[in-house]
Amino acid sequence: MAFVGRAVQRVALAARPSLSPLCRTSSRSYSSEHTNEKNVPYEMTLKQESGSSSGPTKPLPRSADVVVIGGGSLGCQTIYHLAKMGMTNVVLLEKDRLTAGTTWHTAGLLWQLRPSDVEVELLAHTRNVISKDLEEEIGLHTGWIQNGGLFIASNKQRLDEYKRLMSLGKVYGIESYVLSPAETKDLYPLMNVDDLYGTLYVPKDGTMDPAGTCTTLTRAASARGATVIENCPVTGIQVRTDDLGVKKVKAVETPHGTIETPCVVNCAGVWATKLGEMAGVKVPLIAMHHAYVVTERIEGIQNMPNVRDHDASVYLRLQGDALSVGGYEQNPIFWEEVNDKFAFSLFDLDWDVFMQHIEGAINRVPVLEQTGIKSTVCGPESFTADHKPLMGEAPEVRGFFLGCGFNSAGMMLGGGCGRELAHWIIHGRPERDMYGYDIRRFHHSLTDNKRWIRERSHESYAKNYSVVFPFDEPLASRNMRQDPFHQILTEQGCVFQERHGWERPGWFNKDGAAPVKDYDYYGAYEKRKNTSYKYNELLAKEYTFDFPPHHDVIKSECLSCRHDVAVFDMSYFGKFYLTGPDAKKAADWLFTADVNKKPGSTVYTCMLNKRGGAEADLTVSRLEPGTANLPLAPESNGDAYYLAIGGGVAEHNWNHIRTVLQDQGFRCQLTDHSEDMGMISIQGPKSREVLQEVLDTDLSNEAFPFSSHKVVAAAGHQVRAMRLSFVGELGWELHIPKNSCIPVYQAVMAAGAKHGIINSGYRAIDSLSIEKGYRHWHADLRPDDTPLEAGLAFTCKLKSSIPFQGRDRLEKQKEEGLRRRIVCFTIDEKVPMFGLEAIFRNGVPVGHLRRADYGFYIDKTLGYGYIRNPDGGVVSADFIKSGEFTLERMGVTYQAKAHIKTPFDPENKRVKGIYD
């Protein structure tokens, strides 16, 4: 058939606004029928052998150290890396044949550049495994084809995004070029370039073969002692409960026998939710139809690079002398009833849904208009709420690991994620910062919420090819968790951000309320699209790599805090109590700082993994023993601690602490009172004057020093006041029982009126905190950073003899010297930076910015990034001082000044109330 048949043309006519005149011209002569052929475009699949045996291909062992379930890309990569790391008593179980689920029909594209440093590293490892490592190990070719990749930019913002990727790529040695339309035409003669701003060309991108890759991986794993068993479905997972009440994996059940094992890895793709249910584990993913079509032969297409035209939401994958054409639509079809018997199967293509990709494909490569379609490929894929995979140990059951939900990127992320998952299983944590993929990034109240999973997954799918802007926010499944101040702040123009299900203040719009509405699916599925939607209109103004229109509003919030006083609603913070007979032992082991000061003290500290990496930063307040006064104080006959943790990572922190308590056998109780209290932070030079009218206690430096706390009365209500600051000013936090939140807030605002008090949001906190040099976990402090590298040695009790988790690694690092460390950079030009900008020392790339923002008090753009010595040596203060540094933003280089200390208040006078 021709690329747009007559029946397809009727669909196009029914959807006139979205299709070009090219697809609507009635004089065109197209064949009248669609192809009924459903087949993948690969020379070899493993389908031919499917079902050829009535039983498992090998005898089942009685026990194994690890059982990987699912023989797709992730399962094969995981067992390969487990075996390569020396764990050989491992088994992979596949219910049919390898690749039979979703891997066999994948497009197999690999793009090296993504707007994430971790993903760039994961992709690089996948590429190394399939293009080099496997062939060197066992002499078999995986089917890797290096034909290059081409990203299409039809507007300035898209080209700016590509330039950001190019700059990041320089740090990792990834060859890439921004091409003009004319240069693009020279590279790809069949391409229409009339509407292009430019393109990003990555010569060493390429294409993977699913069957070839998975077969080679399992052969390499088997050669190292692993066991791969096909035709063996899993029917149950046994879970036992130990003496401390901890649930742990015990065994895997199949129709052909039971394998005892302490560890299961769920790599079951769209079937992962059902597998999780067998063990009582929530797996928040959803299955959708995902499609592409394979064209007939196209003269002149041979050896062309793969193409992603993000603005048309379409990709063109080279398939020998043809193309595979697919994309991401606004109205994907959900697979409502996942079928367990769907091995090597495809759906009929719904042309009504797929037609939206046709216009973009024909516009980009016009010869497609007269090219026939050889076959359609529409199969199931699993998608998640944020378009990121689900990995790591499940919170519900120890030893149950996830490696699923890859959003049709399981082939290209498989190598990197398989290695990290293997490291996770063997050593307890991955090597890289995998928090963005860790199942613990989602709050437990969301992971079985069907509305949240469906809406978020839809939005993430529909926006997969959208420009990744720094301050974008989801519209789906909002208002899942609201703090007591939500309504009163909404009325005052609060523009909320979503974190961990919470609505937290972003900034305050001076033109009135901008509430978040129910999700409209962008008008898909005959849903009525939201109109007069102020929140969405304000969000759209953020879609820029320049300063947003409300830059001055955020400036006002920041400078009000620096010069007068501002109030921040930080209620979304996690609020935990640690109590019990072994609470002191647990606190000593968990926290890098000595938190066992006298009751009434508050300490900023880190928590580490066994490799010395920072799993969290938080404040820990030691409490007086006594009877319960919940939610402000727990019952305790001995040591008790109040933990205040950034709300976006509260679930991660909760599970880290719980896991350490279990592993160490500490007799403790960890209780969560996050929902029971609100929290406001009053910060600025005038904060003492304001709060002295509200609180019934002396707020002088002598009576209420920095890093201390006490329960006091605020406008007749009991609150816990803490003298702390996340912005570098004199200030206090008030932790308030939820029923007292509004009267306390109103009293603070009334007392602050004569001092010019204003509401401020997290956009201001981001700016103020980076200006002061405070770290944000998962930005400039991650699990692959140690406190020494992060400039947080002061949080570590290394001068004491008290052991803590990760201490041995820090001592070794201190003795050997730092091979990488964080550095602050400022530039004089008034241009925004957001992180990922490349750092050069004397013209050589040495790192990239992790986090950047505008500092309004110092009136400069500043950023923090970790730098390395290109020679592999120690990064000393002299190494920093003696270098000439530049930052590259979107291909443009800026002279930068490196700072050993923060350029704002380096002597920490302001938090002590000293204002010169």
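All of these numbers come straight from a predicted model, not from anything done at the bench.

1. Section: the sheet that holds strand β30 (residues 717-722)
So, point 1. Read from one edge of the open sheet, six strands run β29-β30-β31-β28-β22-β32, paired in mixed fashion. The open sheet has two edge strands with one neighbour each: β29 (709-714) and β32 (758-760). Sheet twist, expressed as the mean angle between neighbouring strand axes with direction ignored, is 30°.
So, point 2. Summarising the sheet, β29 and β30 pair through six bridges and their orientation is antiparallel. Each bridged residue has a counterpart across the sheet, and for His709 the counterpart in β30 is Met722.
So, point 3. Against the sheet, helix α14 (residues 551-563) makes contact with β22 (566-569), β28 (677-683) and β32, and its axis sits at roughly 115° relative to β32, the strand it touches most.

2. Let's talk about the UniProt feature "domain: Aminomethyltransferase C-terminal" (unreviewed entry) in the chain
So, point 1. In the numbering used here, UniProt assigns the feature "domain: Aminomethyltransferase C-terminal" (unreviewed entry) to residues 820-904.
So, point 2. Overall, residues 820-904 shows 6% helix and 54% strand. The separation of its end C-alpha atoms is 23 Å.

3. Observations regarding the domain arrangement of the chain
So, point 1. Domain assignment breaks the chain into domain 1 (66-104 + 211-284 + 386-437), domain 2 (450-543) and domain 3 (574-673 + 786-804).
So, point 2. With centres defined by C-alpha atoms, the gap from domain 1 to domain 3 works out at 32 Å.
So, point 3. Taken together, the nine residues of domain 1 in the interface contact 12 residues of domain 3.
So, point 4. Of all residues in domain 1, Arg398, Arg429 and Tyr435 bury the most surface against domain 3, accounting for 53% of the area lost on that side.
So, point 5. Joining domain 1 to domain 3, the criterion identifies two salt bridges.
So, point 6. For Glu615, the salt bridge goes to Arg429, with nearest N and O atoms at 2.8 Å.
So, point 7. Where domain 1 packs against domain 3, one counts seven residue pairs in polar contact (both at pLDDT 80 or more).
So, point 8. Counted by class, the side of domain 1 that touches domain 3 contains five nonpolar, one polar and three charged residues.

4. Details of the pairing of strand β13 (residues 285-295)
So, point 1. Burial of β13 is extensive: 11 of the 11 residues sit out of reach of the surface.
So, point 2. Side chains Leu285, Ala287, His289, Ala291, Val293 and Thr295 of β13 all project onto a buried face; the interleaved residues Ile286, Met288, His290, Tyr292 and Val294 project onto the opposite face, where all are buried too.
So, point 3. Where β13 and strand β17 (residues 373-384) come together, 11 bridges link them in antiparallel fashion. If you follow Leu285 over to β17, its bridge partner there is Thr384.
So, point 4. Alignment of β13 against strand β16 (residues 322-327), held across three bridges, turns out to be antiparallel. Considered in β16, the bridge of Val294 is made with Ser324.

5. What to know about the sheet that holds strand β34 (residues 838-841)
So, point 1. On the basis of which strands lie adjacent, the closed barrel formed by six strands has the order β33-β36-β35-β34-β37-β38 and antiparallel pairing. Pairwise comparison of adjacent strand axes, ignoring direction, gives a mean angle of 40° for this sheet.

6. Details of the environment of Leu122
So, point 1. Locating Leu122 in the fold gives a position in helix α3 (residues 117-138).
So, point 2. Distance in space between the C-alpha atoms of Leu122 and Arg419 is 8.8 Å, their sequence separation being 297 residues.
So, point 3. With near-sequence residues (within four places) excluded, Leu122 lies in contact with Leu413, Gly416, Cys417, Glu420, Arg432, Met434 and Tyr437.

7. Some remarks on helix α15 (residues 583-590)
So, point 1. Among all positions in α15, only Ala583, Ala586, Ala587, Asp588 and Leu590 are buried.
So, point 2. On its buried face, α15 sits against β23 (574-579), β24 (602-608), β26 (641-645) and α16 (650-664).

8. Here's the deal with the packing of helix α2 (residues 73-84) against helix α6 (residues 210-223)
So, point 1. α6 packs onto α2 with a crossing angle of 25° between their chain directions and a minimal axis gap of 8 Å. Regarding the angle of α2 to α6, the classification is roughly parallel. Regarding α2 and α6, the two cross each other, and that crossing is left-handed. The residues of α6 that touch α2, namely those facing Ser73, Cys76, Gln77, Ile79, Tyr80 and Ala83, are Cys214, Leu217, Thr218, Ala220 and Ala221.
So, point 2. Split by residue class, the contact of α2 with α6 holds eight nonpolar, three polar and no charged.

9. Remarks on helix α7 (residues 272-279)
One full turn of an α-helix is made of 3.6 residues, so residues set three or four places apart face in the same direction.
So, point 1. All of the buried residues along α7 are Ala272, Leu275, Gly276 and Ala279. When α7 is viewed along its axis, its buried side chains cluster within an angular range of 100° and face the same direction.
So, point 2. In this fold, the buried residues of α7 make contact with β1 (66-69), β9 (236-241), β12 (264-266), β13 and β19 (400-404).
So, point 3. One or two positions beyond α7, positive phi appears at Gly280, with a value near 75°.

10. Quick word on unusual backbone geometry
Residues apart from glycine generally show negative phi values, whereas peptide bonds are mostly found in trans.
So, point 1. In this structure, the amide linkage connecting Leu630 to the following residue, Pro631, adopts the cis form with an omega of 5°.
So, point 2. Positionally, Pro631 belongs in the loop between β25 (614-622) and β26.
So, point 3. Despite not being glycine, His387 shows a phi value in the positive range, around 60°.
So, point 4. Positionally, His387 belongs in the loop between β17 and β18 (390-393).

11. Considerations on the packing of aromatic side chains
Given two aromatic rings, one states the distance between the centres and the angle between the planes to describe the pair.
So, point 1. Summed over all chains, the structure comprises 34 aromatic pairs.
So, point 2. Seen from their ring centres, Trp335 and Phe347 are 5.3 Å apart, and the 75° between their planes marks the pair as edge-to-face. Of this pair, Trp335 sits in the loop between β16 and α8 (351-354) while Phe347 sits in the loop between β16 and α8, placing them 12 residues apart in sequence. Each of the two residues, Trp335 as well as Phe347, counts as buried.

12. Details of the UniProt feature "domain: FAD dependent oxidoreductase central" (unreviewed entry) in the chain
So, point 1. The sites that UniProt annotates as "domain: FAD dependent oxidoreductase central" (unreviewed entry) are residues 427-481.
So, point 2. Between the end C-alpha atoms of residues 427-481 there is a gap of 35 Å, over a span that is 25% helix and 0% strand.

How each quantity is defined
- Residues numbered from 1 in each chain as written.
- Predicted model: local features only at pLDDT ≥ 70, side-chain atom pairs only at ≥ 80, totals over all residues.
- Heavy atoms only, no water.
- Pairing = 2+ DSSP bridges.
- Helix = DSSP H or I, 4+ residues; strand = E, 2+ residues; numbered from the N terminus.
- Axes fitted to C-alpha atoms, helices over the stretch in contact; angles between N-to-C directions.
- Contact = heavy atoms within 4.5 Å.
- UniProt positions renumbered as here; feature names shortened; annotations may be inferred.
- Domains from an automatic or database assignment.
- Buried area = accessible area lost by both parts, 1.4 Å probe.
- Salt bridge = Lys/Arg side-chain N within 4 Å of Asp/Glu carboxyl O.
- Polar contact = N/O pair within 3.5 Å; in protein donor to acceptor, adjacent residues only side chain to side chain.
- Nonpolar A, V, L, I, M, F, W, Y, C, P; charged D, E, K, R; others polar.
- Buried < 20%, exposed > 50% of the residue type's maximum accessible area, 1.4 Å probe, protein only.
- Parallel < 35°, antiparallel > 145°, perpendicular 65-115°, else oblique.
- Left-handed = near helix turned anticlockwise from the far one by under 90°.
- Arc of directions from axis to C-beta.
- Phe/Tyr/Trp six-rings, centres within 6.5 Å; stacked < 30°, edge-to-face > 60°.

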